[in-house]
Amino acid sequence: MTNILIALVVLLAIVTLVQLTRVSELLGELKKQDVNEVTDEDNKTQGFLMLIIGMGFLVFVIWQMIEWNHLLLPEAASVHGQEIDVLMRFSMTLILVVFFIVTPMLFYFSYRYRGNKQNTAYFLVHNNKLEFIWTIIPTIVLTGVIIFGLKTWDKAMNVDTSDSQEIEVFVKQFQWLARFPGEDNILGKSNFQLITPTNVLGIDEEDLNAEDDKIVREVHLVVNEPVVLKFRSQDVIHSAFLPHFRVQMNCVPGLSTQFAFTPTKTTAQMKKEEGEDFEYVLLCNKICGAAHYNMQMRFVVETQEEYDLWLAKQKTISDKLLTQK
Amino acid sequence: MSGHHNETFITKYIFSQDHKMIAKQFLITGMIMAILGMLMSAVFRVQLANPGESSILYNLLPGGWVNELGALSPDKYLALVTMHGTILVFWVLTAGLSGTFANFLIPLQIGARDMASGFLNMLSYWFFFIATVILVWSIYVEGGPASGGWTIYPPLSALPQAIPGSGTGMTLWLISITLFVVGSLLGGLNYIVTILNLRTKGMSMQRLPLTVWALLVTAILGVLSFPVLLSCGLLLVFDRSFGTSFYLSDIVVNGEVLHHLGGSPILFEHLFWFLGHPEVYIILLPALGIISEVISVNARKPIFGYKAMVASILVIGFLSFIVWGHHMFMTGMNPFLGSVFTFTTLLIAIPSAVKVFNYLATLWRANIRFTPAMLFAIAGVSAFITGGLTGLILGDSALDINVHDTYFVVGHFHIVMGLSAIYGMLAGVYHWFPKMYGKMMNKNLGYVHFWGTFICAYGVFFPMHFLGLAGLPRRYYENTAFPMFDGLTDINSIITFFALSGAVVQVIFLFNFIYSIFKGTKTVQNPWKSNTLEWTTPIERIHGNWPGDLPSVHRWAYDYSKPGAEEDFILQTVPLKEGEKEEH
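All of these numbers come straight from a predicted model, not from anything done at the bench.

Here is what the cut-offs are and how they apply
Residues numbered from 1 in each chain as written. Chains lettered and ligands numbered in written order. Predicted model: local features only at pLDDT ≥ 70, side-chain atom pairs only at ≥ 80, totals over all residues. Heavy atoms only, no water. Contact = heavy atoms within 4.5 Å. Buried area = accessible area lost by both parts, 1.4 Å probe. Salt bridge = Lys/Arg side-chain N within 4 Å of Asp/Glu carboxyl O. Polar contact = N/O pair within 3.5 Å; in protein donor to acceptor, adjacent residues only side chain to side chain. Domains from an automatic or database assignment. Helix = DSSP H or I, 4+ residues; strand = E, 2+ residues; numbered from the N terminus. Axes fitted to C-alpha atoms, helices over the stretch in contact; angles between N-to-C directions. Parallel < 35°, antiparallel > 145°, perpendicular 65-115°, else oblique. Left-handed = near helix turned anticlockwise from the far one by under 90°. Nonpolar A, V, L, I, M, F, W, Y, C, P; charged D, E, K, R; others polar. Buried < 20%, exposed > 50% of the residue type's maximum accessible area, 1.4 Å probe, protein only.

Engineer: I tried to follow the interface of chain B and chain A on my own but got confused; where do I start?
Structural biologist: As a measure of interface size, the accessible area lost when the parts come together is often cited. Opposite the 132 residues of chain B that make contact, chain A presents 114 residues. For the pair chain B and chain A, the summed buried surface comes to about 10,900 Å²; carbon and sulfur atoms form 73% of the total. Viewed at the interface, chain A and chain B are joined by two salt bridges. For A:K286, the salt bridge goes to B:D405, with nearest N and O atoms at 2.7 Å. Where chain B meets chain A, there are 26 residue pairs in polar contact (both at pLDDT 80 or more).

Take a look at the structure:
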C-alpha cells in the first residue's frame, strides 16, 4: 500500500513539473522571448542569491563551530598528543582564516560582477606579478606547515622505548585482547599456528618468558609512565584507535606494528573534567567485518599503587594452565 | 571519412562509432549508476539516523537488502557502503565524467572528425557496459556484493570466511573492475592519440581549451595508473582462487589456520593507492577543466592566467603519482617514509591555490551571466576551496594520526572530489546539453535544482568534519555501543535530513534532462556565445562533425570582451585582425 502511495506521489510530482514547465514556456512564447535566455533580471536574482546563500553557508559553518564545539574530543591525554593538538590548532586556524577570506571573495565577486547587457567585462589575460605573489605566499606558508608537521611527526613516532612498559594488543574478528609481559618484562614468543580455542593468542607455552605473561580484557596504564603497545592481528586488518591519546596504528596480520606514548591524565581526573561516564576506549578504525562497529576495549589510566593492585589480581598463563590441568 | 553514410538504428544508437553518441552512452549509463549509488547512500543514511529500525525507504532500492524484520543488517550496511563507493568513484566520476566529456569534447574542440579510432572507442564503451552489468549482477548473488569497502583491502576481501561479501560478490567485483580498466585504457589511449595527432590546422597546444588540457592529463594519468590496479587485482585473484600468498600471511579465521605465509597486505595497499591517488585527480581534473571553460564563457572574460592554469594541471598530475603513501600513514610504514609523503602531499596545495586564485581573478570585473552551468561551476570552485583546505590536515601525517579513517576524511573527500567533480559534471551537462541534443534545458528548473543541491550538499558533508573531530570512525553501522558518541545523534539526523532532501532535488534534474531531450525548446547555433569550435558544427548531429572542410584556428579559446571587437566573443576560427595581438 505504502509503495503505491509513494509511486502516486512521485507521479503527481512529475505531472506538476511538466505542467509548470509548459506554463513557463507558453508564457515565454506570449511575451515573444526565449524562456531559457538568461536576462538581466535573472542575473540580478541569482547574483543576489549567491551573496545571501553563500554568506548563509558561512553562518552555518560558524553556527556548527559554536553549537557542536562541546562534542569534539577533549584535550589530548598524552605527551605527544598535546603537541599534536598544538599543531592541530595552528593548522585549523590557518585553514579557517583562508576559508573565511577566500569563500566570501568568491561569493561577493559573483554578486558584485553579475551581468548586465550594458556592461562589458574587463579584458584581463594575466598578470605575472600577481601570479608570482599568489604562488610564492602559499609556498612560504606551506614550508612552515611542513616543517612544523614533520617535527611533530618525528617526535610522536621516533620514541626511545627502552624504558617503556611493553604491552601486546591482540585483535581478531571482533574482539580486542591484551597481554602484559609479567615480572620479567619480556613477552613470551607467539605464533599464529599455535592458536587454538584455549590458546587464543597462540603463545608458545614452551617459552619460559611466557609463563608469567598475563592476558587481560582491559588495559591499565600508569599515569606519566611511557608505554609501548605492540599490535598483532590474527585475521584481517584492524586499526587500534585511542582517540583521547591521539594514538592510532593498523594491526596487520603477518606484520608487527607498534605505537609508543605516555598517558598524562588518570581516568579519575578525566571523569572529573568530562563527566562521570568518561572512559578511555580503544576502537577499531579499519573496516574488518560485520561487527566492526562494535569492538571496544576499556583503557584505564591510574596511579602506580592502583595499577600494582590491579596487576597483582590478574592471572598469569602458568596459573591458568594449572587450573586447567 | 567526412560524413553522411547510411546509419541503421543499431549503428547509430547501439554500436555507434560516433564519439558524440558514445559520449551520450557513457552519460546515460553514468546517470543510471549515479541514481543507484545515491539511493544506496539514502538507505544507509536512514540507517545511521535510525539505527537498526525498519524503514519503507529501504524498499526503494533494488536487491534484497533488509532482514526479516525489515531492517538493514550490519553486513548489508557494509555492502551498501562498498557499492556506493565503487559506483561513485569508478562508474560515475571516472567513466560518467571522463567518458562523457572526453568523448564529446575532444574531437569537437580540437577540430577533428572523430576519435583516432572510432572502433576502439566503441569497444571502450562496451567493455564498460559489460562491467556495469556484472557489477549490478553482483548485488543479487548469494552472500551479497563485495563488502570490504571500495578499497577492498585484503585479507578481508580475500577471505569469504571473514565477510560474506568476499565470496562470489567479490569475484564479480574483480571481474567487473578488470573489464572496467580495459575499457578505460582503450578510451584513454584514444584520447591521448587524438589530442596529439588530430588537432586541426592552427590548433597549437597553446591554443587548446583548458577542458582538452585537463582531459589530456587525465587520460595520461589513467593510462599510467590503471594497469597497476589491474595487476593489483590480478594478484588478489591468485590469492583468492589459486592459493598464492602475495597479500596473505599468518591468518587464523573461524578457528582455521590458513597455509598462507610471507605475503603482505601492505603490498596491496601500495599497489592499490598507486592507482588510487592519481584516480582522485582522474576524477577532479576533468571537472576543473569544465569549470574553467564554463566560468570563462559565462564571465565573458578570458580565463585568468591560462599558462599558469595549464602548468598547475601538469604539476598536479605529476605530484599525484608521488603522494599515495598519505593513505597509509597508519599502516606502520617507516616514519621517514611518512615524512616524505607528507612533504609531497602538502606541495599539491601550491598548484591548487594558484588555480583558485586564478578563478577568483577571472570573476573579478567580469560580466557574469548566471546560467545553471555557471552556478554549478562557481559552486565547484567553492567545494574545491572548502574540501581542499581540510586536505592540509589530512596530508599532515602527525595530524592524520587522530583523524585517519574518521568521518573527517569522509567529509573531506566528499567535498573536494565528490562535490567538485559532480558540480563540474552537472555544469558540463547544462552547458553542452544544447550541443548534445539540439535542445535547451529549462533554465528555471536548473536554478531550482542548483540551489537545492548546493544547500543540501553542504548540509550533508560539512557536519561530517565535526563527527570526525569527535573521533567517530567511518563505516560504523551504528555508534550506540560507545557512550562517547551519544551526543552525535543530532548531527547524524541533520545529515540524513539533508541527504534525503538532496536526493529528492535530483528528481528535478532528471525530469529536466529527459523532458528537454524530447520537448525542450530548440537551441540556436551558439547559445552561450562561446568561442570554441564545437559551436561551429551544425545543430543536427552528423557523423564527421563538420559538413565541409575542417575549420582552421587562428586564436586561443578565450578572447571574450576583447577591446576593439564588435561583440564580446570571437570564435577561434576568426583570423586575427591587422595589428591585433594574440595574448595569453
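Engineer: I'm lost on the domain arrangement of chain A in this one. Help?
Structural biologist: Residue and element names in this part refer to chain A. The domains assigned to chain A are domain 1 (47–115 + 130–158) and domain 2 (165–317). Taking only C-alpha atoms, the centre of domain 1 and the centre of domain 2 are 36 Å apart. Contacts between domain 1 and domain 2 engage 14 residues on the former and 15 residues on the latter. Here domain 1 meets domain 2 over a buried area of about 1,100 Å², counting both sides, of which 60% is carbon and sulfur. Counting every contact that joins domain 1 to domain 2 gives one salt bridge. Viewed at the interface, domain 2 and domain 1 are joined by eight residue pairs in polar contact (both at pLDDT 80 or more). Among the elements of the structure, α3 (79–112) and α4 (128–157) are those that each provide at least two residues to the side of domain 1 that touches domain 2.

Engineer: In this structure, what is going on with the packing of helix α5 (residues 168–197) of chain B against helix α6 (residues 210–241) of chain B? I would like to understand it.
Structural biologist: Packed helices, taken two at a time, are described by the angle their axes make and the gap between the axes. Residue and element names in this part refer to chain B. Running from N to C, α5 and α6 cross one another at 150 degrees; their axes reach a closest spacing of 8 Å. When the axis of α5 is compared with that of α6, the two are roughly antiparallel. Crossing geometry of α5 relative to α6 is assigned as left-handed. For the contact of α5 with α6, the per-class residue count stands at 21 nonpolar, six polar and one charged.

Engineer: Which parts of the structure should I look at to understand the pattern of salt bridges?
Structural biologist: Once their charged atoms are close, side chains differing in charge can pair, the charge on each being opposite to the other. All names here are of chain A. Counted by the stated rule, this structure contains 21 salt bridges over all chains. In this structure, the salt-bridge partner of D213 is R179, at a minimum N-O distance of 2.7 Å. Here R179 lies in strand β2 (residues 175–180) and D213 lies in the loop between β2 and β3 (214–216), a separation of 34 residues in the sequence. Across the pair, R179 and D213 agree in class, each one buried. One salt bridge in this structure joins E279 and R298, with 3.0 Å as the shortest N-O distance. Highlighted residues: E279 in the loop between α5 (267–274) and β9 (280–284) and R298 in strand β10 (residues 296–302), separated in sequence by 19 residues. When salt bridges with common partners are traced through the structure, they connect E168, R179, D213 and R232 into a single cluster.

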